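Results of the structural survey
Below are the chains, spelled out letter by letter.
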Amino acid sequence: MDFAGQTEIGLDHVGLFSAALEMISAQYEQLGFCLTPQSQHANSPGPGLPAVMRGTANRCAMLKQGYIELLAVVDPDLDGLGVPDALARYAGMHILAFQTQDPEHTQTRLQAAGFSAAVAHLQRSVNTPDGSGLARFTQLRTPPEAMPEGRVFILRHETPELVWQPAYLSHPNTAVALAEIIVAVDDLAQAGQRYARYFDCPAETAAGKASYVLRQGTFTLMLASALEQAFPQVTIPTLPFPAVLVIDVLSLETAAQVLISNNVPFERGAGQLVVAAEFAGGAIMVFHQAG
């Protein structure tokens, strides 16, 4: 699903935190995703400087547009990057990552809009058909208290060919795109104005809802009451809370057959299938028919 939004920012990926990488990986394979091999994180103090290994690792469901990161601590003796503290609040969607093609320009724009935006350089080892490769990323981070909806940041992939490898882009459920993230908030006006500055993009509003049509994908804020009405199966442990993940699929019927074959409960709606959070790593999963 491609959007012609009014901003240079797009959805990049979401990250779900779990107590066990094996457990959440099994859930996502049952949902019909083909996952990348396990990859442990590392942080570099700067470009060209040696990386420091961290205690977290991921597996990812890479889509033709965007991706889903499944993340857990795999070595408790190393820096867990705050994942245990985040899990003490809830298991589910904690990373809300957006993309830019020009970090320097975006940093200047964010600072002019009143955001602190520090540059960080990250990397992690990935397996490729030709051996191990080093995926590199440039991140723009804002202080956690400024964006309480999750770990919110903007990044550029410096080595996209290592992240979007063709072998991992085909999924049994026919998933192709990260279409929308829905976050429950208690103050829609305050959060809405803040994200309008963050994206440099006005919201499309409806009762209890504000949506930002980005360069790629849509980001939506909803009052908790509106979210509960739209998704009666939701459980909101805290506010704000990233609650719903919408994935475009080429064939809704194929996705349904995968769920049935794997004994994953779901509800059918108009042009979509809804899987409860307990079967999708803590976030409601909506499969939406691409059109």
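Residues numbered from 1 in each chain as written. Predicted model: local features only at pLDDT ≥ 70, side-chain atom pairs only at ≥ 80, totals over all residues. Heavy atoms only, no water.

This paragraph deals with the pattern of salt bridges. Summed over the entire model, instances satisfying the criterion amount to six salt bridges. Measuring nitrogen to oxygen at the nearest pair gives 3.7 Å for the salt bridge that ties Glu-29 to Arg-59. With Glu-29 in helix 1 (residues 21–30) and Arg-59 in strand 3 (residues 52–62), this residue pair connects regions lying 30 residues apart in the sequence. What makes Glu-29 partly exposed here is its relative accessible area of 40%. (Salt bridge = Lys/Arg side-chain N within 4 Å of Asp/Glu carboxyl O. Helix = DSSP H or I, 4+ residues; strand = E, 2+ residues; numbered from the N terminus. Buried < 20%, exposed > 50% of the residue type's maximum accessible area, 1.4 Å probe, protein only.)

The next subject is the pairing of strand 15 (residues 272–275). In this sheet, strand 15 lies alongside strand 14 (residues 267–269) in antiparallel orientation, the contact comprising three bridges. What sits directly across from Arg-268, in strand 15, is Leu-273. (Pairing = 2+ DSSP bridges.)

In this structure, Tyr-28, Phe-33, Ile-68, Phe-98, Phe-219, Met-285 and Phe-287 are the most contacted members of the largest nonpolar core, which totals 56 residues. Discounting residues that sit within four places of it in the chain, Tyr-28 has contacts with Leu-16, Phe-33, Leu-35, Ile-68, Leu-70, Leu-245, Ala-280, Gly-281 and Met-285. One finds Val-126, Phe-137, Phe-153 and Leu-155 within the second-largest nonpolar core, a separate group that totals 19 residues. (Core = buried A, V, L, I, M, F, W, Y, C linked by side-chain atoms within 4.5 Å. Contact = heavy atoms within 4.5 Å.)

Looking at the largest pocket, its volume works out to about 810 Å³. Lining the largest pocket are 36 residues, and of these Ile-95, Gln-139, Arg-141, Arg-151 and Phe-153 sit closest to its centre. Across the lining of the largest pocket, the residue classes tally to 19 nonpolar, eleven polar and six charged. In this structure, the second largest pocket occupies an estimated 360 Å³ of space. Together, 22 residues line the second largest pocket, and Glu-180, Ile-182, Phe-231, Val-246 and Gln-272 are the ones closest to its centre. Sorting the residues of the lining of the second largest pocket by element identifies strand 9 (175–185), strand 12 (218–223), strand 13 (241–249), strand 14, strand 15 and strand 16 (284–289) as the ones contributing at least two each. In the lining of the second largest pocket, the residues fall into twelve nonpolar, five polar and five charged. (1 Å grid on protein atoms, 1.4 Å probe; cavity = no way out; pocket = protein on both sides within 12 Å on 5 of 7 lines; lining within 4 Å. Points joined across faces, edges and corners; volume = space filled by probe spheres on them. Nonpolar A, V, L, I, M, F, W, Y, C, P; charged D, E, K, R; others polar.)

Moving on to the confidence of the model for the chain. Averaged over the chain, the pLDDT score is 94; the fraction of residues at 70 or greater is 96%. Confidence drops under pLDDT 50 across residues 1–5; counting only partners more than four residues distant or on other chains, this segment forms 16 contacts. (pLDDT = per-residue confidence, 0-100.)

In the structure shown here, the tally under the stated rule is one cavity of 30 Å³ or more. In terms of lining residues, the largest cavity is bounded by 14 residues, among which Thr-36, Pro-37, Arg-124, Val-126 and Gln-165 are the most central. Elements supplying a minimum of two residues to the lining of the largest cavity: strand 3, strand 6 (118–128) and helix 4 (160–163). Of the residues forming the lining of the largest cavity, the biggest block, four residues, is contributed by strand 6. Class assignment for the residues of the lining of the largest cavity results in seven nonpolar, six polar and one charged.

Right, let's get into the side chain of Asp-248. By secondary structure assignment, the location of Asp-248 is in strand 13. In this structure, Asp-248 is buried with no salt-bridge partner, the nearest side chain bearing the opposite charge being Lys-64 at 12 Å. For Asp-248, the side chain forms a polar contact with the side chain of His-288, separated by 3.0 Å. (Lys, Arg positive; Asp, Glu negative; His and termini not counted. Polar contact = N/O pair within 3.5 Å; in protein donor to acceptor, adjacent residues only side chain to side chain.)

Across the five residues that make up strand 11 (residues 209–213), a large majority, four, are buried. In terms of strand pairing, strand 10 (residues 204–206) meets strand 11 through three bridges, oriented antiparallel. Within strand 11, the residue paired with Glu-204 across the bridge is Ser-211. In textbook terms, the turn of a hairpin is the stretch between consecutive antiparallel strands, and for strand 10 and strand 11 this stretch comprises two residues, one of which, Gly-208, has a positive phi near 70°.

What follows covers the sheet that holds strand 14. Strand order in this open sheet of eight strands is 10-11-12-9-13-16-15-14, and the pairing throughout is mixed. The open sheet has two free edges, formed respectively by strand 10 and strand 14, since each of these has just one partner strand. Each adjacent strand pair in this sheet contributes to an overall mean axis angle of 20°, direction not counted. Helix 7 (residues 252–261) rests against strand 13, strand 14, strand 15 and strand 16 of the sheet, and its axis sits at about 30° to strand 15. (Axes fitted to C-alpha atoms, helices over the stretch in contact; angles between N-to-C directions.)

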